[in-house]
There are 2 protein chains.
Amino acid sequence: MKPIQIGLLGLGTVGKGTYDVLLRNQAEIQRRTGRPIQITMVADLDVERARSMVEPGCQVVADARQIIANPDIDVVIELIGGYGIARTLVLEAMAAGKHVVTANKALLAVHGAEILSAAQHKGVMLGFEAAVAGGIPIIKSLREGLTANKIHWIAGIINGTTNFILTQMREKGLSFEIALKEAQALGYAEADPSFDIQGVDAAHKCSIMSAISFGIPMPFAHAYIEGIDQLQSEDIAFAEQLGYRIKLLGISKKTDQGIELRVHPSLVSEKTLIANVEGAMNAVMVNADAVGTTLYYGKGAGGEPTASAVIADVVDMARLMSSHVDARVPYLGFQSAEMVDTPILSINDVVTCYYLRLGVADQAGVLASVTGVLADHEISIDAMLQQPAAVGQDRTELIVLTHSAKESVMNQAIAKMEELPTVLVPVIRIRKEDLN
Amino acid sequence: MKPIQIGLLGLGTVGKGTYDVLLRNQAEIQRRTGRPIQITMVADLDVERARSMVEPGCQVVADARQIIANPDIDVVIELIGGYGIARTLVLEAMAAGKHVVTANKALLAVHGAEILSAAQHKGVMLGFEAAVAGGIPIIKSLREGLTANKIHWIAGIINGTTNFILTQMREKGLSFEIALKEAQALGYAEADPSFDIQGVDAAHKCSIMSAISFGIPMPFAHAYIEGIDQLQSEDIAFAEQLGYRIKLLGISKKTDQGIELRVHPSLVSEKTLIANVEGAMNAVMVNADAVGTTLYYGKGAGGEPTASAVIADVVDMARLMSSHVDARVPYLGFQSAEMVDTPILSINDVVTCYYLRLGVADQAGVLASVTGVLADHEISIDAMLQQPAAVGQDRTELIVLTHSAKESVMNQAIAKMEELPTVLVPVIRIRKEDLN
């Protein structure tokens, strides 16, 4: 059978990983696919460098449009990233009748509606397994493996950079700034780490999973996003004393009122599997009505792990192209006519548990006044930890774990606490997730 | 579009789960599939009981062949179990042109070659996601999600009954016999638990995963199988002191000599995620060249978790049947002409680490003679633990963790140790897996 011919846009880390894995495992992949798969064209601005990285038979061009214009190319793999030129090229490739595989979460989260409808309109396939959690087949699991279920919630560690930083902060007691510098030195964080540490990358991925889990249009515009850049190592240590770890979670949950979609640091019990996902690893928990809780764990980034997902999409396409070219599985898991535009809840309406840290005066009555404010707001207390004041200090730290409360009510309670004369500094608040 | 019509054979726990989930989530499932899916016929020997469990519109029959003979039935779900009548009915259903979904690991492990070739021959689809690890989409992940990879090894906790028993033994210090009785009382073990506790059920599942991972014919006949029925609670406690937990693992590993396929109790470091999979939960680790290590966790048994996988297979079929009826993904992941009959290694050729427990005389020179035997066989020692002899006792326990050694060499070393006059009882040997 004629080989599937691939054009690769972008020969960075993931591009090179994809090229290398397809070449190295071509026998194995052909045994699985029933048809050879070859990257016959690569587009990269640095043509010389690219040429040194590929086999002589592979054509290297500077202009991606030469690939799109080539009638022999069946599938275009977009690994440029961002939503500038990548968006234009993906749309042009589809318009030219090419199937497209992309690892571009930003593009899908921000321009998903446009991209998916173009694919449907042109009758081409679009694969994006690599856009979420690297090599973990979480898109396939949500879209095909769990189709019997009403999904209740998903919660994931879906950004390796921030998980690596949090692990370093906990294990070595480092500050955020120092841990970030270490992560940059080791290649786990980019020179400009904003998208990672501010939670935007996790929110892109969580939005894609949310759309698939609940059959809603891409909800990224409504996401609540809080990163780890304000997180203090003291809170990681206090959380640990209480039996918790702090993770940057992407959470989406279906409630009667609408859908929660939020990324923020969260306390999770150290007894849960997800709390023990350390370093740059990723994991996604899915809670659903029939299957209960499942968890998917693996490398969420890196050249070859991401290539694993890119190529899985190509093999899926190749297996279908051997017979017909329609997309068998709808892009977002649900048939496109069946998307339901459910409201995404404001963070004010989210109900969760809280970790609060108060810098308080070391004097009688402080505890009573703080707990009084919580009681006034009908927020009940799960656990407390009071540090003895250091010698010569008149300030101490009071840590409170609460049971569940509505964010807007907690905001009011915190405002009241901060009005107390004995509460000396702004209250630190981190949400705590039970994930049962 | 005309509904997909299902005939269900067997209305036990999983049958009822499947019926209930399909009914309860029919709107959600139709939104995903683009087509309604209905169980219109159920076969069960106890017709009265079955009739009380289904909607009035669903026809209940005692004779499964009435379902197979009905031209309106598109898909037959076999949930009878075993390899007697289930085998006959699956083959007859395929001969009648029905697509088949089954949760029957014993049938596939033992008669897989016959069943798969019948499906191929008749051009019908066969789904068996539910046969391994219940609701965890591990078959889909291996067969579709990881197609880019050379898989190096798989290791799984794939029998909930034995994992529940091992958890009870460790947490409560129970003996195997008492823990088994508790598991039976709580419904986690069957009245006749032989297949579970002797490791046969895990070997069925591991064989299916091995065939898919490596593209080999179903290898069950060559599996090395050792259960947990000989495991003593002392060894669980000693392992814990050394930082390990004992799990019944199903392991299959590709080596240069052939393929390892073995089920036995294994020490795994308590720092690994899989060591922390407790109670009746299942988890499968997959190590592959591009993606690295991934892990899949969830409920491995029970009515609705298993139903989740059964229905996912039906939805896969329904999505395909809306266009054409060929099996898109080959049953064992690799194209059938591409199966390679790689040798399955004898347990004697397997290389692994070991935990040894020796009941030795409490006298000088014992340690030297035991370590001398290991040195003679070029087996090096990773850690040792010697219990002080109890007052008035002249026997003590010596625990040795070894680095990797070939099973046949370890057998010789153990025989030599048992010849030593200071080694008073047969040596306890449990394999230890690094899973890195």
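Predicted model, so just to flag it, every value in this text is computed and none were measured.

Draft legend 1. Summary view of the pattern of salt bridges. This structure, assessed with the given rule, holds 55 salt bridges over all chains. For A:Arg170, the salt bridge identified is with A:Glu240, shortest N-O distance 3.0 Å. Of the two residues, A:Arg170 is situated in helix H8 (residues 160-172) and A:Glu240 in helix H12 (residues 233-241); the sequence distance between them amounts to 70 residues. Taking the relative accessible area as the measure of exposure, A:Glu240 reaches 29% and is therefore partly exposed. In this structure, B:Glu114 and B:Arg87 form a salt bridge, with 2.8 Å as the shortest nitrogen-oxygen distance. You can see B:Glu114 sitting in helix H6 (residues 105-122) and its partner B:Arg87 sitting in helix H5 (residues 85-95), a full 27 residues away along the chain. B:Arg87 sits in the partly exposed class, given a relative accessible area of 25%. If you follow the salt bridges from partner to partner, you end up with A:Lys140, A:Glu144, A:Asp316, B:Lys140, B:Glu144 and B:Asp316 in one network.

Draft legend 2. Local environment of a nonpolar patch on the surface. Residues and elements named next belong to chain A. Judged by side-chain polarity, Tyr83, Val110 and Phe195 come together as a nonpolar surface patch covering roughly 250 Å² of accessible area. Here Val110 shows up in helix H6 (residues 105-122). With a relative accessible area of 36%, Val110 lands in the partly exposed category.

Draft legend 3. View of the sheet that holds strand E2 (residues 37-43) of chain B. All names here are of chain B. Spatially, E3-E2-E1-E4-E5-E6 is the arrangement adopted by the six strands of the open sheet, whose pairing is parallel. Edge positions in the open sheet fall to strand E3 (59-61) and strand E6 (126-127), since each of these has one partner strand only. Two strands pair when backbone bridges link them, and strand E5 (residues 99-102) and E6 are joined in this way by two bridges, in the parallel orientation. Following the sheet pairing, Val100 is matched in E6 by Leu126.

Draft legend 4. View of the environment of B:Ile344. Note on placement: B:Ile344 falls in the loop between helix H13 (303-321) and strand E13 (351-361). Beyond its immediate chain neighbours, meaning those up to four positions away, B:Ile344 contacts B:Ile216, B:Pro219, B:His222, B:Ile259 and B:Leu261.

Draft legend 5. Geometry of the confidence of the model for chain A. Confidence in the prediction of chain A, expressed as mean pLDDT, is 93, and 97% of residues score 70 or more. At the level of chain-chain contacts, confidence expressed as ipTM amounts to 0.90, with global pTM at 0.91.

Draft legend 6. Quick look at the sheet that holds strand E1 (residues 4-9) of chain A. Residues and elements named next belong to chain A. Reading across from one edge, E3-E2-E1-E4-E5-E6 is the order of the six strands in this open sheet, with parallel pairing throughout. The two strands at the open ends of the sheet, each matched to only one other strand, are strand E3 (59-61) and strand E6 (126-127). Pairing geometry for strand E2 (residues 37-43) and E3, over three bridges, is parallel. Directly across from Met41, in E3, lies its bridge partner Gln59.

Draft legend 7. Expanded view of helix H9 (residues 176-185) of chain B. All names here are of chain B. Of the positions making up H9, those classed as buried are Phe176, Ala179, Leu180 and Ala183. Down the axis of H9, the buried side of the element spans an arc of 100°, and every buried residue falls inside it. Facing away from the buried side of H9 by over 90 degrees, the exposed positions are Lys181 and Ala185. In this structure, the buried side of H9 is in contact with helix H8 (160-172) and helix H10 (194-197).

Draft legend 8. A look at the nonpolar core. Judged by nonpolar contacts, the single largest core of 167 residues is most densely connected at A:Ile138 and B:Ile138. Setting aside residues up to four positions removed in sequence, B:Ile138 forms contacts with B:Glu129, B:Val132, B:Ala133, B:Met209, B:Val284, B:Val286 and B:Tyr296.

Draft legend 9. Structural context of the relation of the copies chain B and chain A. Laying chain B over chain A is done by rotating through 180° and shifting 0.0 Å along the axis; what remains is an RMSD of 0.0 Å. Each copy turns onto its partner about a two-fold axis. Considering only C-alpha atoms, the residue of chain B closest to the rotation axis is B:Tyr296, which sits at 2.4 Å. Both copies contact each other with a shared surface, as 100% of the interface residues of chain B are interface residues in chain A too.

About the criteria used
Residues numbered from 1 in each chain as written. Chains lettered and ligands numbered in written order. Predicted model: local features only at pLDDT ≥ 70, side-chain atom pairs only at ≥ 80, totals over all residues. Heavy atoms only, no water. Salt bridge = Lys/Arg side-chain N within 4 Å of Asp/Glu carboxyl O. Helix = DSSP H or I, 4+ residues; strand = E, 2+ residues; numbered from the N terminus. Buried < 20%, exposed > 50% of the residue type's maximum accessible area, 1.4 Å probe, protein only. Patch = residues over 30% accessible without salt bridge, like charges linked within 9 Å, V, L, I, M, F, W, Y side chains within 5 Å. Areas by Shrake-Rupley, 256 points an atom, 1.4 Å probe, with all protein chains shown as cover. Pairing = 2+ DSSP bridges. Contact = heavy atoms within 4.5 Å. pLDDT = per-residue confidence, 0-100. Arc of directions from axis to C-beta. Core = buried A, V, L, I, M, F, W, Y, C linked by side-chain atoms within 4.5 Å. Least-squares fit on C-alpha atoms with pLDDT ≥ 70 in both.

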